[in-house]
Amino acid sequence: MTSLDADQRARFRRDGFLVLEGFAPDEECDALRARADALVAFEPSSVPSIFTTDEQARRTDEYFLGSGDQIRFFFESLAFDSGGALAVKKEHAINKIGHALHDLDPLFDHFSRAPRVARLVSDLGLASPRLLQSMYIFKQPRIGGEVRCHQDATFLQTEPQAMVGLWFALEDATEENGCLWAIPGGHRAGLQSLFVRNSDDTTTMRVLGDVTWEDGPLVPLPVKKGAVILLDGLVPHLSKQNRSERSRHAYTLHAVSAESAYPETNWLRRAMPARGF
Ligand code: FE2
């Protein structure tokens, strides 16, 4: 059973991330993958929303802004032809599912609220944890888009900062198929930008600092299926394009502390409060 020892907790504080191999059993990874495939197969034909972190291309449409307490589907930008039609099959075109799988789907709920996950979050020191957001990320073969260097707290603000991310590898993640990269210690520079939802539902990227992540000493974090990578909300990280023939499925959870404020300017809104474990 997994819980963190003093050395692991110290490394998490020092680096802003921690890799734990062998966290989730293979059969649970496979069950989540099968469930995600089924959700995509049964998805009613909705308006595709392309996901990219490129600021200019970011589509902050109603579909995205309304997905905080829903299960919604976002597509790869490279999956469309010049006329805007899907150029590959739907199951190969999807970028991610977000953002309340952990509340609305029984299997993801069960996985996300397992005692081993609760122990991890507790060991990281997050008081009164609430599961705010989840994503299923497909990182498709050949067209899996990059996610540029960012801090998760840019997109999920808590005051004071009290948010951690859990990144579960449902398949082996390598440099070839787009594993995570992170900057050890980069969390100590503080929050560099804030994605703000304005009162008229437009969005603004507010620059807070002048750290250029591209200059940072990024290290790759290749992991085996079943690993979890714990991420401080402030640690800069990215994943590169997947040009390989292999997908790189991952499931992510973001937990916040109920003892911190959750400002109205967060893009993610929920009709019901986020629940804990
Ligand atoms: Fe992230």
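Further up the page is the structure itself.
Parameters at a glance
Residues numbered from 1 in each chain as written. Predicted model: local features only at pLDDT ≥ 70, side-chain atom pairs only at ≥ 80, totals over all residues. Heavy atoms only, no water. Helix = DSSP H or I, 4+ residues; strand = E, 2+ residues; numbered from the N terminus. Expected span 1.5 Å × (residues − 1). Buried < 20%, exposed > 50% of the residue type's maximum accessible area, 1.4 Å probe, protein only. Arc of directions from axis to C-beta. Phe/Tyr/Trp six-rings, centres within 6.5 Å; stacked < 30°, edge-to-face > 60°. Lys NZ or Arg CZ within 6 Å of the ring centre and 35° of its normal. Pairing = 2+ DSSP bridges. Salt bridge = Lys/Arg side-chain N within 4 Å of Asp/Glu carboxyl O. Polar contact = N/O pair within 3.5 Å; in protein donor to acceptor, adjacent residues only side chain to side chain. Contact = heavy atoms within 4.5 Å.

**Q** Looking at this model, I keep getting lost on helix α2 (residues 26-42). Mind explaining?
**A** Note that an α-helix has 3.6 residues per turn; residues three or four places apart therefore point the same way. Across its 17 residues, α2 extends 24 Å between first and last C-alpha, which sits within 8% of the 24 Å expected from 1.5 Å per residue. Taken as a whole, α2 has its buried residues at C29, L32, A36, L39 and V40. Considered in projection along α2, the buried side chains sweep an arc of 100 degrees and stay on one side of the axis. Turned more than 90 degrees off the buried face of α2, the exposed positions are E27, A41 and F42.

**Q** I would appreciate a short explanation of the packing of aromatic side chains in the present structure.
**A** Tallied over the entire structure, the rule returns 11 aromatic pairs. Geometrically, the ring pair formed by F64 and F74 is edge-to-face, given 6.0 Å between the ring centres and 80 degrees between the ring planes. One end of the pair, F64, is in helix α3 (residues 62-65); the other, F74, is in strand β3 (residues 71-75), with 10 residues separating them in the sequence. Residues F64 and F74 agree in their burial class; the two are buried. Taking 6.0 Å as the distance between ring centres and 75 degrees as the angle between the ring planes, the aromatic pair formed by F111 and Y251 counts as edge-to-face. Of the two residues, F111 sits in helix α6 (residues 106-112) while Y251 sits in strand β14 (residues 250-257), which places them 140 residues apart along the sequence. Using a relative accessible area of 3% as the deciding quantity, one classes F111 as buried. What links up through ring pairs into an aromatic cluster is the set F23, F108, F111, Y136, F138, F168 and Y251. K96 extends its terminal NZ or CZ atom over the ring of F74, reaching a point 5.6 Å from the ring centre. When the ring centre of W181 is taken as origin, the NZ or CZ atom of K240, which lies over that ring, is 3.8 Å away.

**Q** Would you mind showing me how to read the pairing of strand β5 (residues 129-137) here?
**A** Where a strand is regular, its side chains alternate between the two sheet faces. Along β5, eight of the nine residues are buried, which leaves the element largely enclosed by surrounding structure. Bridge count for strand β4 (residues 94-99) against β5 is four bridges, and the pairing is antiparallel. Paired with K96 across the two strands is I137, which belongs to β5. As defined by bridge partners, β5 adjoins β14 across eight bridges and the pair is classed as antiparallel. Within β14, the residue paired with Y136 across the bridge is Y251.

**Q** How do you make sense of the pattern of salt bridges when you look at a structure like this?
**A** Oppositely charged side chains may form a pair once their charged atoms are brought near each other. Summed over all chains, the structure comprises 15 salt bridges. Residue K225 pairs with D30 through a salt bridge whose shortest N-O separation is 2.6 Å. Here K225, found in the loop between β11 (219-221) and β12 (228-232), pairs with D30, found in helix α2; they are 195 residues apart in sequence, far enough to count as distant. According to the relative accessible area criterion, K225 is partly exposed, its value standing at 22%. R33 is the partner of E171 in a salt bridge, and the nearest nitrogen-oxygen pair spans 3.2 Å. With E171 in the loop between β7 (163-169) and β8 (180-182) and R33 in helix α2, the pair connects residues that are 138 residues apart, well separated along the chain. E171 gets classed as buried once you look at its relative accessible area, which sits at 13%. One network of salt bridges, in which partners are shared, links D103, D109, R113, R270 and R275.

**Q** Honestly, the side chain of D15 in this entry has me stumped. Any pointers?
**A** Among the structural elements, D15 can be located in helix α1 (residues 6-15). Here R14 takes part through its side chain, which lies 2.9 Å from a polar atom of the side chain of D15. Those residues in contact with D15 that lie beyond four places of it in its chain are I183, P184, G185, G186, H187 and V235.

Honestly, that's just the spatial picture; any functional story needs more than this.
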